[in-house]
Amino acid sequence: MTFIGKTLAIFNLLIGLGIVSWSASVYTQRPAWFDPIPEGGADKGSDPKVFAQLKKDAETLAKAANIASGTWGANLKTLETLEDRRDKRVAEFAQRLQWTKTGKDGKNAFFKPVWEKDATGKDTSVMQLYEEDAAGKYTQVLGEPIIGPDGQPLKGSETLLTNFSDDVKKVTELSQLVVKHREKYAELSLEILKDEDRLLRMIKIRDAVQGELFYLSSFEVNVYETRETVLRRQKQLVLRLMELGGVGLKPMPPAKVEKP
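Rules behind the numbers
- Residues numbered from 1 in each chain as written.
- Predicted model: local features only at pLDDT ≥ 70, side-chain atom pairs only at ≥ 80, totals over all residues.
- Heavy atoms only, no water.
- Helix = DSSP H or I, 4+ residues; strand = E, 2+ residues; numbered from the N terminus.
- Buried < 20%, exposed > 50% of the residue type's maximum accessible area, 1.4 Å probe, protein only.
- Contact = heavy atoms within 4.5 Å.
- Areas by Shrake-Rupley, 256 points an atom, 1.4 Å probe, with all protein chains shown as cover.
- Phe/Tyr/Trp six-rings, centres within 6.5 Å; stacked < 30°, edge-to-face > 60°.
- Pairing = 2+ DSSP bridges.
- Salt bridge = Lys/Arg side-chain N within 4 Å of Asp/Glu carboxyl O.
- Patch = residues over 30% accessible without salt bridge, like charges linked within 9 Å, V, L, I, M, F, W, Y side chains within 5 Å.
- Expected span 1.5 Å × (residues − 1).

Participant: Report on the overall build of the protein chain, specifying residues and quantitative values.
Facilitator: Counting its secondary structure elements, the protein chain contains three helices and four strands. Written out in order from the N terminus, the α and β elements of the protein chain read α-α-β-β-β-β-α. Residue burial in the protein chain is summarised as follows: out of 260 residues, 8% are buried. Contacts in the protein chain between residues far apart in sequence, at least 24 positions, make up 52% of those at least 6 positions apart. Approximately 22000 Å² of the protein chain is accessible, and the part contributed by carbon and sulfur atoms is 62%.

Participant: An account of the packing of aromatic side chains is requested, with residue identities and associated values reported.
Facilitator: The geometry of two aromatic rings is summed up by the distance between their centres and the angle between their planes. The full count for this structure, using the stated rule, is one aromatic pair. Seen from their ring centres, Trp99 and Phe111 are 5.9 Å apart, and the 65° between their planes marks the pair as edge-to-face. You can see Trp99 sitting in helix H2 (residues 51-102) and its partner Phe111 sitting in the loop between H2 and strand E1 (115-117), a full 12 residues away along the chain. Here Trp99 matches Phe111 in class, with each residue buried.

Participant: Explain the pairing of strand E2 (residues 123-127) to me, using residue names and the numbers behind them.
Facilitator: A regular strand places its side chains so that they alternate between the two faces of the sheet. Bridge count between E1 and E2: two bridges; the pairing is antiparallel. In the sheet register, Lys117 faces E2, and the bridge partner there is Asp123. Connecting E1 to the next strand, E2, in antiparallel fashion are five residues, including Gly121 with a positive phi near 90°.

Participant: So what about the side chain of Arg96? Which residues, and what values?
Facilitator: Looking at where Arg96 falls in the secondary structure, it is placed in helix H2. On the basis of relative accessibility, which here comes to 11%, the residue Arg96 falls in the buried class. Excluding residues within four positions of it along the chain, Arg96 makes contact with Met127, Leu129, Val141 and Leu142.

Participant: Now, about the pattern of salt bridges: what can you tell me, with residues and values included?
Facilitator: The final tally for this structure, using the stated rule, is 10 salt bridges. Where Arg86 meets Asp87, a salt bridge forms, and the shortest distance between an N and an O atom there is 3.3 Å. What you see here is one network of salt bridges that share partners, running through Arg85, Arg89 and Glu116.

Participant: Provide a residue-level description of the environment of Lys101, including the pertinent values.
Facilitator: Structurally, the position occupied by Lys101 is in helix H2. For Lys101, a relative accessible area of 34% corresponds to the partly exposed category. In the structure, Lys101 is positioned 59 residues away from Leu160 in sequence and 8.7 Å away in space, judged by C-alpha atoms. Residue contacts for Lys101: discarding those within four places in its chain leaves Gly156, Ser157, Glu158 and Thr159.

Participant: I'd like to hear about a nonpolar patch on the surface, residue by residue, with values.
Facilitator: Judged by side-chain polarity, Ile10, Leu13, Leu14 and Leu17 come together as a nonpolar surface patch covering roughly 420 Å² of accessible area. Topologically, Ile10 is positioned in helix H1 (residues 3-28). Ile10 gets classed as exposed once you look at its relative accessible area, which sits at 51%.

Participant: Please give an account of H2 that cites residues and values.
Facilitator: The end-to-end C-alpha distance of H2, which contains 52 residues, comes to 74 Å, matching closely the 76 Å that a straight helix rising 1.5 Å per residue would cover. Those residues of H2 not exposed but buried are Gln53, Arg89, Glu92, Arg96 and Trp99. Contact partners of the buried residues in H2: E1, E2, strand E3 (130-132) and strand E4 (138-140). Following H2 by one or two positions, Gly103 adopts a phi angle in the positive range, close to 85°.

Right under this line is the structure:
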């Protein structure tokens, strides 16, 4: 044999001895695959590799998987219910947000909150926006309208803004009208002052005329009385002379004096 052949033969012998040693070691140190589960369970820190333990672990994990699957299904159904409720509440809040601008049907815009009840019937911190019966009929839940300072339900912001703009325009128009009235008032005040001055002068003239009238009236009465006295005295004298034998004496007729 050549040197290479001898070398290969020795090399094969060594490999064969190694495989035999490894096989013997594996056989002697093989795990107890078919051993039963130790009584009282495995010791702490140990990890027994037996088919019975693996089967038990597989059954335990299968039960846990079934429970987790059932819990997941229930939670999924709860999640879907909550998501549907959230979508409805989002839509309801969007509608009520629109109400704050234009009001519900153009009327009331703000309502007092209605709180949901818990299992004991007490109010919670969740605002109830709607209620749904078993048939799936959807009904909005509204509280009492919020009353404003004027004693009327509050309107929407855009409605109030429109009313405010109209009020501002009206105030502007009234302000301009007030300015015109003030100018007219100033003109009328001047005319009133002129008329009052004329009235005072007329009153003075009237008082002077009345004073003169009273003076002349009293003077005319005195003249009339004096004349009547003279005529009466003349008549008495004439009659006395006639009694004494006077001839051709006649009493003078009384003068016609118009009484005032």
